[in-house]
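The chain contents come next:
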Amino acid sequence: MIRALSKTLVAVAAVASLGGCALLSSPDPVALYRFGTSPAAGGEAVAPASQVQVAMRRPEFVQAAREDRILGVTGSEAAYIAGARWVSPANVLYSDALESAFASQAQRVRLIGPRELTRSSQALDIDVRTFEARYPAPGAAPTVTIVARVRLLNAQERSVTAERVFVVEQPASANRVSAIVEAFDVATRDLNTQIVSWTDQHAQAVPAAS
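Nothing here was measured: the structure is a model prediction, and the numbers come from that model. (Residues numbered from 1 in each chain as written. Predicted model: local features only at pLDDT ≥ 70, side-chain atom pairs only at ≥ 80, totals over all residues. Heavy atoms only, no water.)

Per the secondary structure count, the protein chain includes three helices and ten strands. Starting at the N terminus and walking to the C terminus, you meet the elements of the protein chain as β-α-β-β-β-β-β-α-β-β-β-β-α. Among the 210 residues that make up the protein chain, the fraction classed as buried is 40%. Long-range contacts, defined here as pairs at least 24 residues apart, represent 71% of the contacts in the protein chain between residues at least 6 apart. When the accessible area of the protein chain is evaluated, it comes to approximately 11,500 Å², of which 52% is carbon and sulfur surface. (Helix = DSSP H or I, 4+ residues; strand = E, 2+ residues; numbered from the N terminus. Buried < 20%, exposed > 50% of the residue type's maximum accessible area, 1.4 Å probe, protein only. Contact = heavy atoms within 4.5 Å. Areas by Shrake-Rupley, 256 points an atom, 1.4 Å probe, with all protein chains shown as cover.)

Structure (structure tokens):
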């Protein structure tokens, strides 16, 4: 199911050596997937009377998982799942999913997304260090593993208010692309729920920076 990175590079080099004729051949079909979408809610969330505003920086992703390819790891070998890609780069999908989670779940915090111009004295800094499907053995059902370091920053004092490393593991029900994508989806929503709750607990009501 997974295509080793070294083989992918060899394939690219081989196509390049064939010249213009190779450009006319049809590419292998690729299915597009997304993750982190929240189930449809019964109605709009009610904003709290007193909100704590927190600006979110664009989440940083480990380079191997940053783009639209789905990363799998077996032991020390890294590979991308063949015939499947995310519909957008993984860091963009994750950022959108986290914003949606705050909008529907936060009790105290109003998250200011990366595209908003509103200023805030606090910032949410997210570094996703692991975002991959880990195979215990070739052909076995993998476990989706996400590791993210999350920090709340005080922009005025240039200090860290709170920090935590979150680890989420979600076994896939089978070694199929659809089951692996579902595990990524469940793991991402679990992580985002934890981050929202943690931010609600640690965000401080301080004046916005001028």
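Read on, since the account is not over.
This paragraph deals with the nonpolar core. In terms of nonpolar packing, the biggest core is built from 48 residues, with W86, Y94, F102, L124, F131 and I195 touching the most fellow members. The greatest single-element share of this core, amounting to ten residues, is contributed by helix α3 (residues 177-202). Apart from the residues lying within four places of it in its own chain, the contact partners of I195 are Y94, L98, F102, L124, V150 and F166. (Core = buried A, V, L, I, M, F, W, Y, C linked by side-chain atoms within 4.5 Å.)

Now for a nonpolar patch on the surface. Residues V30, L32 and V87 make up a contiguous nonpolar surface patch of roughly 260 Å² in combined accessible area. Under the relative-accessibility criterion, L32 is labelled exposed at 55%. (Patch = residues over 30% accessible without salt bridge, like charges linked within 9 Å, V, L, I, M, F, W, Y side chains within 5 Å. Salt bridge = Lys/Arg side-chain N within 4 Å of Asp/Glu carboxyl O.)

Between the first and last C-alpha of helix α2 (residues 90-105) there are 22 Å, a value that for 16 residues agrees with the 22 Å anticipated at 1.5 Å per step. Residues of α2 that are buried: A90, N91, L93, Y94, S95, A97, L98, A101 and F102. (Expected span 1.5 Å × (residues − 1).)

Note: predicted coordinates in regions of low pLDDT should not be interpreted at a detailed level. Looking at the protein chain, pLDDT values average 82 and 77% of them are 70 or higher. pLDDT under 50 marks residues 2-26. Its contacts with residues more than four places away, or in other chains, come to 18 contacts. Segment residues 40-44: pLDDT under 50, and zero contacts once partners within four positions in sequence are set aside and those in other chains are kept. (pLDDT = per-residue confidence, 0-100.)

Looking now at the pairing of strand β6 (residues 77-86). Here strand β2 (residues 31-33) runs beside β6; their pairing, made up of three bridges, is parallel. Paired with A31 across the strands is A84, a residue of β6. Bridge analysis of strand β5 (residues 69-74) against β6 gives five bridges, and the strand direction is antiparallel. Each bridged residue has a counterpart across the sheet, and for L71 the counterpart in β6 is Y80. (Pairing = 2+ DSSP bridges.)

Moving on: the packing of aromatic side chains. Under the defined criterion, the tally for this structure stands at seven aromatic pairs. Ring centres of F166 and W198 lie 6.0 Å apart, and the angle between their planes is 90 degrees; this geometry places the pair in the edge-to-face category. One end of the pair, F166, is in strand β10 (residues 159-171); the other, W198, is in helix α3, with 32 residues separating them in the sequence. You can call W198 buried: its relative accessible area is 6%. Each member of the aromatic cluster is reached from another via a ring pair, and the members are F35, F61, W86, Y94, F131 and F184. (Phe/Tyr/Trp six-rings, centres within 6.5 Å; stacked < 30°, edge-to-face > 60°.)

Summarising the element assignment, Y94 is placed in helix α2. Along the backbone, Y94 and G36 are 58 residues apart, and their C-alpha atoms lie at a distance of 6.8 Å. Contacts of Y94, omitting those with residues within four sequence positions, involve F35, P59, F61, I126, V128, T188, L191, N192 and I195.

Looking now at the packing of α2 against α3. Packing of α2 against α3 brings their axes to within 9 Å, and their N-to-C directions diverge by 55 degrees. Compared by their axis directions, α2 and α3 come out oblique. Here the hand of the crossing between α2 and α3 comes out right-handed. Facing Y94, A97, L98, A101, F102 and Q105 of α2, the residues of α3 in contact are T188, L191, N192, T193, I195, V196, T199 and D200. Here the contact of α2 with α3 is composed, by residue class, of eight nonpolar, five polar and one charged. (Axes fitted to C-alpha atoms, helices over the stretch in contact; angles between N-to-C directions. Parallel < 35°, antiparallel > 145°, perpendicular 65-115°, else oblique. Left-handed = near helix turned anticlockwise from the far one by under 90°. Nonpolar A, V, L, I, M, F, W, Y, C, P; charged D, E, K, R; others polar.)

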